[in-house]
Amino acid sequence: MRFAIIAAGALALSGCAQNAEYQAQRDAQARRELAGALGNRVPGKPQDCINPTFTDGPQIIDRRTLIYRQGATLYRNDLVSECPSLAPLTTVIVEMRGSQLCRNDLFRVLTPGTSIPGAYCRMGTFTPYTRAKGS
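Here the structure is a predicted model, which is why all the values come from computation and not from measurement.

Student: Would you explain the side chain of threonine 90 in this entry?
Tutor: Position of threonine 90 among the secondary structure elements: in the loop between β5 (73–78) and β6 (91–95). With relative accessibility at 13%, the residue threonine 90 sits in the buried group. A distance of 2.5 Å separates the side chain of threonine 90 from the backbone oxygen of alanine 87, its partner in a polar contact. Those residues in contact with threonine 90 that sit more than four places away from it in its chain are Ile60, Ser85, Val109, Leu110, Thr111 and Pro112.

Here it is, written out as structure tokens:
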């Protein structure tokens, strides 16, 4: 009996270690994707809204970061808080309150193979990134 308890505890601890290792790998991948997307661009003054008409995206970087493209400008959106269901290959369904995509607009995430979206998440500010002069 004592062996079974020790074995169960060891198994639980190994699961935690694997989860931490997986999360570290995901975080490293997200940093590489963000660096690749932004390249040598420099950040501008954050703004509350962008025009979604000629915008591509979002590119999902991680549970807190989205990238929208508008011509040569990239907009990084750092969400108000982490969105647990946000992951690559999910669909973002935004509920805009006007003609602009704005800070505090709500969105939900639809996971592939499901028909019910996840919990609500909130957009943060949009930071424009443009190429450095002379690049």
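Student: Whenever I open this one, the state of the cysteines confuses me. Can you help?
Tutor: Any covalent bond linking the sulfur atoms of two cysteines counts as a disulfide. One pass over the structure, following the stated rule, counts 2 disulfides. In this model cysteine 49 forms its disulfide with cysteine 102; the gap between the sulfur atoms is 2.0 Å. Where cysteine 49 bonds to cysteine 102 through sulfur, the torsion about that S-S bond is close to 110°, and the disulfide is right-handed. Linking cysteine 49 in strand β2 (residues 49–50) with cysteine 102 in strand β7 (residues 101–102), this pair joins segments that are 53 residues apart in sequence.

Student: Just checking my understanding: could you explain the sheet that holds β6 for this structure?
Tutor: As a general point, the strands of a sheet are linked pairwise by backbone hydrogen bonds and lie either parallel or antiparallel. The strand order across the open sheet built from 3 strands is β6-β8-β9, with neighbouring strands paired in antiparallel fashion. Across the chains shown, the open sheet's two edge strands, defined by having one partner strand only, are β6 and β9 (121–122). With 5 bridges joining them, β6 and strand β8 (residues 106–110) adopt antiparallel strand pairing. Across the sheet, the residue bridging to isoleucine 93 is arginine 108, located in β8.

Student: Teacher, can you tell me more about the environment of glycine 113 here?
Tutor: Tracing the backbone shows glycine 113 in the loop between β8 and β9. Classification of glycine 113 as exposed rests on a relative accessible area of 88%. The spatial distance from the C-alpha of glycine 113 to the C-alpha of threonine 90 is 9.8 Å, given a sequence separation of 23 residues.

Student: It is not clear to me how the pattern of salt bridges should be interpreted in this structure. Could you clarify?
Tutor: Two side chains with opposite charge may pair up if their charged atoms get near one another. One pass over the structure, following the stated rule, counts 4 salt bridges. The closest approach of N and O atoms between aspartate 48 and arginine 103, which form a salt bridge, is 2.9 Å. On the criterion of sequence distance, the pair formed by aspartate 48 in the loop between β1 (41–43) and β2 and arginine 103 in the loop between β7 and β8 is long-range, its members being 55 residues apart. Aspartate 48 gets classed as partly exposed once you look at its relative accessible area, which sits at 39%. Between arginine 97 and aspartate 105 there is a salt bridge, with its nearest N and O atoms 3.7 Å apart. Judged by relative accessible area, arginine 97 falls into the exposed class, the value being 63%. With a relative accessible area of 2%, aspartate 105 lands in the buried category.

Student: Would you take a moment to explain the nonpolar core for this structure?
Tutor: Within soluble globular proteins, side chains that are nonpolar generally end up buried alongside one another. Within the largest apolar cluster, 15 residues are counted, with the highest numbers of intra-cluster contacts made by Tyr68, Leu86, Phe107 and Met123. Of all elements in the fold, only β4 (65–70) and β8 reach the threshold of two or more residues within this core. Beyond its immediate sequence surroundings of up to four residues, leucine 86 is in contact with Arg26, Ile60, Asp62, Arg63, Leu66, Leu79, Val92, Phe107 and Val109. Within the second largest apolar cluster, 7 residues are counted, among which are Leu34, Ile61, Ile67 and Tyr129.

Student: I keep staring at the sheet that holds β1 and nothing clicks. Help me out?
Tutor: On the basis of which strands lie adjacent, the open sheet formed by 5 strands has the order β1-β10-β5-β4-β3 and antiparallel pairing. The open sheet is flanked by β1 and β3 (56–62), the only strands paired with a single partner. Sheet twist, expressed as the mean angle between neighbouring strand axes with direction ignored, is 30°. In terms of strand pairing, β4 meets β5 through 6 bridges, oriented antiparallel. From the neighbouring strand, isoleucine 67 faces β5, where its bridge partner is arginine 76.

What counts and what doesn't
- Residues numbered from 1 in each chain as written.
- Predicted model: local features only at pLDDT ≥ 70, side-chain atom pairs only at ≥ 80, totals over all residues.
- Heavy atoms only, no water.
- Helix = DSSP H or I, 4+ residues; strand = E, 2+ residues; numbered from the N terminus.
- Buried < 20%, exposed > 50% of the residue type's maximum accessible area, 1.4 Å probe, protein only.
- Polar contact = N/O pair within 3.5 Å; in protein donor to acceptor, adjacent residues only side chain to side chain.
- Contact = heavy atoms within 4.5 Å.
- Disulfide = S-S within 2.5 Å.
- Pairing = 2+ DSSP bridges.
- Salt bridge = Lys/Arg side-chain N within 4 Å of Asp/Glu carboxyl O.
- Core = buried A, V, L, I, M, F, W, Y, C linked by side-chain atoms within 4.5 Å.
- Axes fitted to C-alpha atoms, helices over the stretch in contact; angles between N-to-C directions.

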